2 protein chains.
Amino acid sequence: MTFERSNIAAMSGYAPGEQPRGGDAIKLNTNENPYPPSPQVKQALAEFDVASLRRYPNPIADEFRQIAADLHGLELDNIIPTNGGDELLRLILTTFVAEGEVVATTKPTYSLYPVLTAIRGASLSEIELGAEWELPSDLLAQLAALKAKMFILVNPHAPTGKLVSVEHIAEIAENFDGVFVVDEAYIDFVDPDYQHDCVPLLARFENLLILRTLSKGYSLAGLRFGYGLASKQLAAPMLFKTRDSYNTDAISQRLACAALSSQDYAQQTWQRVRASRSSLSAALRSLGIESLPSQSNFLLSSIPEPYSAPDIYEQLKGRGILVRYFDQDRLRDKLRISIGSEEENERLLNALREICA
Amino acid sequence: MTFERSNIAAMSGYAPGEQPRGGDAIKLNTNENPYPPSPQVKQALAEFDVASLRRYPNPIADEFRQIAADLHGLELDNIIPTNGGDELLRLILTTFVAEGEVVATTKPTYSLYPVLTAIRGASLSEIELGAEWELPSDLLAQLAALKAKMFILVNPHAPTGKLVSVEHIAEIAENFDGVFVVDEAYIDFVDPDYQHDCVPLLARFENLLILRTLSKGYSLAGLRFGYGLASKQLAAPMLFKTRDSYNTDAISQRLACAALSSQDYAQQTWQRVRASRSSLSAALRSLGIESLPSQSNFLLSSIPEPYSAPDIYEQLKGRGILVRYFDQDRLRDKLRISIGSEEENERLLNALREICA
């Protein structure tokens, strides 16, 4: 006998990036930060009082919310702490999208969105990006025609690394009737010269929700800590109703506070990643491998003929180097390569030189 | 403008027990373990490699699943690790209960069940317990008449501490058509003389799911770690589809492994709690306060006239001692008192002696 709901029985689960158990593999496949978390995080863990774990944590991570509110110039009830950004994505669907309603996203996009939408029993509409991976000029008309309840945009985009401007985000928020979710998982790696900051838009648009995560920019993928930024009205039902009652644990709260307080350290890692992004892109080009301009911590690189992307993926894997291949339209000649440490990038380049020799 | 779904707008959120910020309060209100976690947990935290946090955790907590499987005589795919038992409760609703379907539980019961059922948009049916807080003799007929898709039973029961026998659990599992969830949050405090163990029933009943948590028995409420035990068929959609893709973090996984491996230490704390439960119950009786026989880490105690339960609750709170009062049918003359340390229990008794003098 089968007990699960019919849409659960019909769907496929999310496939996480490969996580090799051995320590030798070079993991350039899940967009992890190549540098360790801040020394303050290490200190916070060393000072954590284990005996305190017998008590429930602060249900809503108030200390973290205050630090995040101060960092972004917002108030406590604009901040929604979650067990990784993934939990926030699930929560927005639970809270705002009824069964059968339409969730719109781009094609391609982060592959978790379709999975979460299927679990919710909502209807997913994928809007094709243009030739240069830009949002289509009739995006708002498409959203209106779809009667979309929610539009989820990862910005910078995954897997291309392309950035949509603040002005364009504002235009969408202003003219879209539903909840507009901007997944800024990779925002920390945007070139500071852009002065890109969508947070001030929250004061103007109550339908806008921004997702942040500590997984990438703060080197804490293993900790599972993310947060939402939104108007108090949008944030309230998630903060006070639909969130699991103690959704973040006491250790994670403490370490997340330490990480967010370490802005100088974090920004140094972002700068190093950006510098490596430039040099890796240039070195790949010298091998005949062109990458899209990226504002993220990965490159989407086109494998030129006579080579094939899945073949290069396999050959790299055979050499202990993991990158990401997507068996999807427009992506079958490409590989997504996370920016590694200087040494990891060099080993990747050496392997590619061997393979393409 | 309101964006949340209508059933979210209409519902109230879960109210967690009070968590005073000061360290002086005696917290006998949220059924926390009065003793610290095992020394192995402390050691595991001290040895944790912070640098490893830059990488994603094992998505499904395989190391923990192996330890739990060995402990319970099960296999890896019978174990569903979750971010606290609360996440498992949410997951079972997401996975098995469609909107509008009936979820049955008892009245009274753990107050989170109605909240999660409301978020799911399911219909909650509360089945009245008998005069001695026992399950009604026509329970199965009631479940059938309700066409319940799921029956959630907390066992030992909250807030009474009453235990339903393994034979009775088996009878329900055998004759109920839906998913039968037994929430064993308090199971570790059952007198070992009962030899109560429902886990072997999993081999017989594929509709049975048992919830365990490390919050109480392993003194880790602050860590948020629980797990489900179920047939592989029942577990699979939660393990591989509806769970958030990385639902437990790397530190929690490590500490949960250490805790579950510390059976001797944990059992000592359970034995101390049971001994305190007996002595506290007897001491309360000498003050004229009768408690129900409890197999849990709390007592449900009746406040005799001329005193009133809410008044005693307030007077205790004024003395820095928190207990739980439920403004519900059959509970308005009672207080739920978590078993504290020997010293905390003594301070509670002294306060009650003063109040009732």
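Residues numbered from 1 in each chain as written. Chains lettered and ligands numbered in written order. Predicted model: local features only at pLDDT ≥ 70, side-chain atom pairs only at ≥ 80, totals over all residues.

### Describing the overall build of chain A
Looking only at helices and strands, one finds 12 helices and 12 strands in chain A. For chain A, whose C-alpha radius of gyration is 21 Å, the value lies close to the compact-globule estimate of 21 Å for 357 residues. The dimensions of chain A, computed from C-alpha atoms along their principal axes, are 60 × 55 × 55 Å. In chain A, which comprises 357 residues, the proportion classed as buried is 54%. Considering only intrachain contacts with a sequence separation of at least 6, the fraction spanning at least 24 residues in chain A is 73%. (Helix = DSSP H or I, 4+ residues; strand = E, 2+ residues; numbered from the N terminus. Rg over C-alpha atoms; globule rule 2.2 N^0.38 Å. Buried ≥ 20, exposed ≤ 12 C-beta atoms within 10 Å, placed from the backbone. Contact = placed C-beta atoms within 7 Å.)

### Observations regarding the sheet that holds strand 9 (residues 290-291) of chain A
Residue and element names in this part refer to chain A. The three strands lie next to each other as 9-10-12, forming an open sheet whose pairing is antiparallel. On the outer flanks of this sheet lie strand 9 and strand 12 (334-338), each paired with one strand and no other. The sheet contact formed by strand 9 and strand 10 (residues 298-302) spans two bridges and is antiparallel. Bridge pairing links E290 to S302 in strand 10. Sheet strands touched by helix 10 (residues 263-286): strand 9 and strand 10. Its angle to strand 10, the strand with the most contacts, is close to 10°. (Pairing = 2+ DSSP bridges. Axes fitted to C-alpha atoms, helices over the stretch in contact; angles between N-to-C directions.)

### Concerning the pairing of strand 8 (residues 226-230) of chain B
All names here are of chain B. The buried count for strand 8 comes to five of five residues, which makes it a mostly enclosed element. On strand 8, burial covers both faces: G226, G228 and A230 on one face and Y227 and L229 on the other are all buried. Of the strand pairs in this sheet, strand 7 (residues 208-213) and strand 8 are connected by five bridges, and their pairing is antiparallel. Looking across to strand 8, one finds that I210 is bridged to L229.

### Points about the relation of the copies chain B and chain A
Of the transformation placing chain B onto chain A, the axial shift is 0.0 Å and the rotation is 180°, giving an RMSD of 0.0 Å. Such values leave the two copies arranged in the relation of a two-fold axis. Residues of chain B ranked by C-alpha distance from the rotation axis are headed by A46(B), positioned 3.3 Å from it. Of all interface residues in chain B, 100% are interface residues in chain A too; the two copies therefore contact each other through one and the same surface. (Least-squares fit on C-alpha atoms with pLDDT ≥ 70 in both.)

### Remarks on the environment of L300(B)
All names here are of chain B. Mapped onto the fold, L300 is located in strand 10 (residues 298-302). Owing to 25 C-beta atoms within 10 Å, L300 belongs among the buried residues under this scheme. When the C-alpha atoms of L300 and C198 are compared, they prove to be 24 Å apart, with 102 residues separating the residues in sequence. Those residues within four positions of L300 in sequence are excluded, and the remaining contacts are P159, T160, G161, S291, L292, K334 and R336.

### Focus on the packing of helix 4 (residues 85-96) of chain B against helix 8 (residues 232-242) of chain B
Residue and element names in this part refer to chain B. Contact geometry for helix 4 and helix 8: axes closest at 10 Å, N-to-C directions at 95°. The angle between helix 4 and helix 8 falls in the class roughly perpendicular. Mapping the contact onto sequence places L91, T94 and T95 in helix 4 and P237, M238 and T242 in helix 8. Looking at the contact of helix 4 with helix 8, its residues break down into three nonpolar, three polar and no charged. (Parallel < 35°, antiparallel > 145°, perpendicular 65-115°, else oblique. Nonpolar A, V, L, I, M, F, W, Y, C, P; charged D, E, K, R; others polar.)

### Some thoughts on the sheet that holds strand 9 (residues 290-291) of chain B
Residue and element names in this part refer to chain B. Pairing within the open sheet is antiparallel, and its three strands lie in the order 9-10-12. The strands lining the two open edges of the sheet, one partner per strand, are strand 9 and strand 12 (334-338). In the packing of helix 10 (residues 263-286) onto the sheet, the strands contacted are strand 9 and strand 10, and the crossing angle to strand 10 comes to about 10°.

### Regarding the pairing of strand 8 (residues 226-230) of chain A
Two elements, strand 2 (residues 79-82) of chain A and strand 8 of chain A, share four bridges in a ladder whose sense is antiparallel. By the bridge assignment, I80(A) is partnered in strand 8 of chain A with G228(A).

### Digging into the domain arrangement of chain A
Residues and elements named next belong to chain A. Taken domain by domain, chain A comprises domain 1 (22-37 + 264-355) and domain 2 (39-261). Between the C-alpha centres of domain 1 and domain 2 the distance comes to 25 Å. Listing elements by their share of the side of domain 1 that touches domain 2, those giving two or more residues are helix 10 and strand 10. Broken down by element, the residue count for the side of domain 1 that touches domain 2 peaks at five residues, all from helix 10. When its residues are assigned to classes, the side of domain 1 that touches domain 2 shows 12 nonpolar, eight polar and four charged. (Domains from an automatic or database assignment.)

### A short note on helix 5 (residues 112-120) of chain B
All names here are of chain B. Within helix 5, eight of the nine residues are buried, which leaves the element mostly enclosed by the surrounding structure. Among the residues making up helix 5, those that are buried are L112, Y113, V115, L116, T117, A118, I119 and R120. Note on helix 5: the residue one or two positions beyond its end, G121, has a positive phi of about 75°.

### Considerations on the interface of chain B and chain A
When the parts of a complex come together, some accessible area is lost, and that lost area is often taken as the interface size. Counting residues at the interface gives 63 residues for chain B, matched by 63 residues for chain A. Among the secondary structure elements, those contributing two or more residues to the side of chain B that touches chain A are helix 2 (39-46), helix 4, helix 5, helix 8 and helix 9 (250-260) of chain B. With six residues, the top contributor of residues to the side of chain B that touches chain A is helix 4 of chain B. A per-class count over the side of chain B that touches chain A returns 31 nonpolar, 16 polar and 16 charged.

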